Amino acid sequence: MAKIQIPRGTQDIMPGTVELWQHIEKKMRDLCTRYNYQEIRTPIFEQTELFRRGVGETTDVVEKEMYSVESRGEGDFTLRPEGTAGVVRSYVEKKLYGVPNQPTKLYYLGPMFRHERPQAGRFRQFVQFGVEAIGSADPAIDAEVIAVAMRIYQELGLTGLSVELNSVGTLEDRARHRGALLEVLNSVRDELCEDCQSRIDRNPLRVLDCKNKKCQTLTKDAPSILDYLSDESKKHFEEVQAYLTAINIPFHINPRLVRGLDYYTLTAFEIKMAEIGAVETLCGGGRYNGLVEQIGGEDMPGIGFAMSIERLLMALESQNIQLPIETGLDAYIVLQSETAKTKAFQLLDSLRAKGVKAEMDYLGRKMKAQLKAADRVEAKYAAIIGESELQKGVVMLKELATGEQQEVSFAEVSDWLLAKR
Ligand code: HAM
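Since the structure is predicted, the reported quantities are computational estimates derived from the model, not experimental observations. (Residues numbered from 1 in each chain as written. Predicted model: local features only at pLDDT ≥ 70, side-chain atom pairs only at ≥ 80, totals over all residues. Heavy atoms only, no water.)

Details of the overall build of the protein
In step 1: Scanning the protein from terminus to terminus reveals 15 helices and 16 strands.
In step 2: For 421 residues, the compact-globule estimate of 2.2 N^0.38 gives 22 Å, and the C-alpha radius of gyration of the protein, at 28 Å, exceeds that figure by more than 25%.
In step 3: Structurally, the protein occupies a C-alpha span of about 95 × 60 × 45 Å along its principal axes.
In step 4: Within the protein, buried positions represent 49% of all 421 residues.
In step 5: For the protein, restricting intrachain contacts to residue pairs at least 6 apart in sequence, the fraction spanning at least 24 positions comes to 69%.
In step 6: For the protein, the exposed area adds up to about 21,500 Å²; of that, 49% sits on carbon and sulfur atoms.
In step 7: Of the side-chain charges in the protein, 54 are positive and 62 negative, and the distance between the mean point of each set is 4 Å. (Helix = DSSP H or I, 4+ residues; strand = E, 2+ residues; numbered from the N terminus. Rg over C-alpha atoms; globule rule 2.2 N^0.38 Å. Buried < 20%, exposed > 50% of the residue type's maximum accessible area, 1.4 Å probe, protein only. Contact = heavy atoms within 4.5 Å. Areas by Shrake-Rupley, 256 points an atom, 1.4 Å probe, with all protein chains shown as cover. Lys, Arg positive; Asp, Glu negative; His and termini not counted. Charge placed at Lys NZ, Arg CZ, Asp CG, Glu CD.)

Below you can see the structure in the form of structure tokens.
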């Protein structure tokens with residue numbers, strides 16, 4: 001029989017590593033509280049139509065990467081490839097535009113699924129943290145959203161990140177730009193890569209974002225979208241830059257930055273780091289002023305970003321950043337004889353009830369092996385219980401690092417251990 005294995009492009013996150021995830025997730029949640037974003041949890045699968053309409057028919061995500069199933073005659077469903085579409089669906093369905101607190105500021109943290117070719121930093125199941133601010137067109141909130149992402153990286157200790165910023169304009173701006181762009185693209189059409197050739201007809205702006213060096217050279221004189229922005233779009237872009245400058249977030253304007261999902265309007269950004277190699281984008285986001293309407297709601301502006309924890313961990317590793325992870329226990333109960341077992345078990349339970357991190361042996365090991373086990377779980381103290389301790393109602397606390405010993409009564413041991421933290 002064939003061996004059963006983990007699916008390609010997925011990971012088991014094991015003890016020893018999961019603590020890093022928990023640390024990062026906590027940082028994200030804490031930061032969202034500070035910036036006044038509330039958590040939303042939407043389903044991991046949605047109607048396929050949501051992504052077709054939201055993310056866009058001609059995107060790689062929808063064309064090639066969705067995990068979809070026809071569900072027993074109830075329609076087509078897809079494992080979410082990203083979070084924005086689901087959040088906006090919920091915003092419309094739960095009428096969040098009607099609640100008194102506006103704009104609606106939400107965050108999410110959870111697995112996303114894309115059928116991509118697995119490689120470093122590119123998984124088929126990955127965890128995205130993202131925020132969405134819906135209901136405000138204020139350029140200050142564009143800068144706030146970028147600030148949330150940068151602050152996470154900064155507080156985790158990453159350096160050398162750059163914010164790439166662009167405006168992809170409104171649909172009207174893009175329509176004006178399109179003619180001039182197509183003129184250049186059509187003149188080099190046959191020399192472009194296959195992907196770009198098909199993009200020309202469907203979403204020509206995407207050609208500018210091709211990673212292929214030859215395509216980049218061929219299109220270097222293509223007209224910039226920034227030259228086709230309306231006065232209003234231009235003003236929005238300038239104000240976003242001014243707010244970023246005001247809070248000391250450096251950025252590079254990259255007129256070729258075009259995101260891979262179709263819903264973007266005006267502000268588009270990515271956060272990159274030079275060192276992590278092939279996949280250097282840590283985070284991406286932007287405005288999506290037409291999306292709420294596209295999904296069946298009123299015309300409401302929105303902006304957000306998402307980043308994966310997988311890429312964040314790669315970045316931390318490449319900069320040799322050690323996160324402050326707490327390990328170890330306060331105490332490990334060591335039994336001198338089986339007769340003390342019930343008493344020890346009671347003590348263990350009462351220690352834990354009072355907040356002490358404690359463990360005991362469940363493998364019937366000899367005392368020496370129990371002490372070794374205490375070392376292995378990084379216990380600070382061995383709480384030794386033998387006949388004489390039982391009679392006196394005390395435990396012998398032995399500090400494992402120094403060997404120093406001290407008797408403490410059963411009643412006082414939890415407070416004593418907590419005081420030694
Ligand atoms: P995205 O650029 O497709 O945008 O993905 C955002 C981030 O998710 C990437 O920068 C990367 O950190 C991570 N990511 C994407 N694909 C993978 C993968 N296969 N493996 C590991 N990490 C990955 C979005 O998803 C938009 N929903 C972002 C957004 C929110 N825009 C507005 N609001």
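From this point, the narrative continues.
Some details on helix α12 (residues 341-353)
In step 1: Compared with an ideal rise of 1.5 Å per residue, which puts 13 residues at 18 Å, α12 spans 18 Å between its outermost C-alpha atoms and is within 8% of the ideal.
In step 2: Of the residues making up α12, those classed as buried are A344, L347, L348 and L351. With its buried residues spanning 105 degrees around the axis, α12 presents them on a single face. The outward face of α12, more than 90 degrees from its buried face, is lined by the exposed residues T342, D349 and A353. (Expected span 1.5 Å × (residues − 1). Arc of directions from axis to C-beta.)

Concerning the site of the ligand
In step 1: E82, E116, E132, R259 and Y264 are the nearest of the 28 residues found near the ligand.
In step 2: Within the side chain of Y263, one N or O atom sits 2.9 Å away from a nitrogen atom of the ligand.
In step 3: In this structure, G304 approaches the ligand through a main-chain N or O atom, which is 3.5 Å from a nitrogen atom.
In step 4: Coverage of the ligand by the protein chains reaches 96% of its 660 Å² of free accessible surface. (Near = heavy atom within 4 Å. Polar contact = N/O pair within 3.5 Å; in protein donor to acceptor, adjacent residues only side chain to side chain.)

Quick word on the domain arrangement of the protein
In step 1: Domain parsing of the protein yields domain 1 (17-170 + 230-319) and domain 2 (329-419).
In step 2: On a C-alpha basis, the centroid separation for the pair domain 1 and domain 2 is 49 Å. (Domains from an automatic or database assignment.)

Regarding the environment of V413
In step 1: With respect to the helices, strands and loops of the structure, V413 is situated in helix α15 (residues 413-419).
In step 2: A relative accessible area of 1% places V413 in the buried class.
In step 3: Separated by 18 residues in sequence, V413 and V395 have C-alpha atoms that sit 7.8 Å apart.
In step 4: With residues up to four places along the chain from it excluded, the contact list for V413 reads L347, L351, V395, L397 and V408.

What to know about the pattern of salt bridges
In step 1: What the rule picks out here adds up to 28 salt bridges.
In step 2: Residue R29 is joined to E39 by a salt bridge in which the shortest nitrogen-to-oxygen separation is 2.6 Å. A residue pair is termed long-range when its members are at least 10 positions apart, and R29 in helix α1 (residues 18-34) and E39 in strand β1 (residues 38-39) qualify at ten residues.
In step 3: Residue classification places R29 among the partly exposed residues on the basis of a relative accessible area of 27%.
In step 4: A relative accessible area of 28% means that E39 is categorised as partly exposed. (Salt bridge = Lys/Arg side-chain N within 4 Å of Asp/Glu carboxyl O.)

Thoughts on the nonpolar core
It is characteristic of soluble globular proteins that their nonpolar side chains tend to be buried jointly.
In step 1: Counting residues in each nonpolar core, the largest one holds 94 residues, and the members touching the most others are Y37, F129 and F305.
In step 2: Among the elements that make up this core, the one with the highest residue count is helix α5 (residues 139-155) (ten residues).
In step 3: When near neighbours in sequence (up to four residues on either side) are disregarded, Y37 contacts C32, K105, L106, Y107, V131, E132, A133, I141, E144, V145 and V148.
In step 4: L347, L351, F410 and V413 belong to the second-largest nonpolar core, a separate cluster that totals 21 residues. (Core = buried A, V, L, I, M, F, W, Y, C linked by side-chain atoms within 4.5 Å.)

Considerations on the UniProt feature "binding site: L-histidine" (unreviewed entry) in the protein
In step 1: On the UniProt side, "binding site: L-histidine" (unreviewed entry) is annotated at positions that read E82, G83, T84, R114, Q128, E132, R259, Y263 and Y264 here.
In step 2: Here E82 lies in the loop between β4 (76-79) and α4 (84-93).
In step 3: By relative accessible area, which is 2% here, E82 ends up buried.
In step 4: Setting aside chain neighbours within four positions, we find E82 in contact with F51, V55, M112, R114, Q128, L261 and Y263.
In step 5: Separated by 2.7 Å, the side chain of E82 and the backbone nitrogen of A85 make a polar contact.
In step 6: Examined against the element boundaries, R114 turns out to sit in the loop between β5 (104-113) and β6 (125-134).
In step 7: A residue is classified by how much of its surface remains accessible, and R114, at 15% relative accessible area, is buried. (UniProt positions renumbered as here; feature names shortened; annotations may be inferred.)

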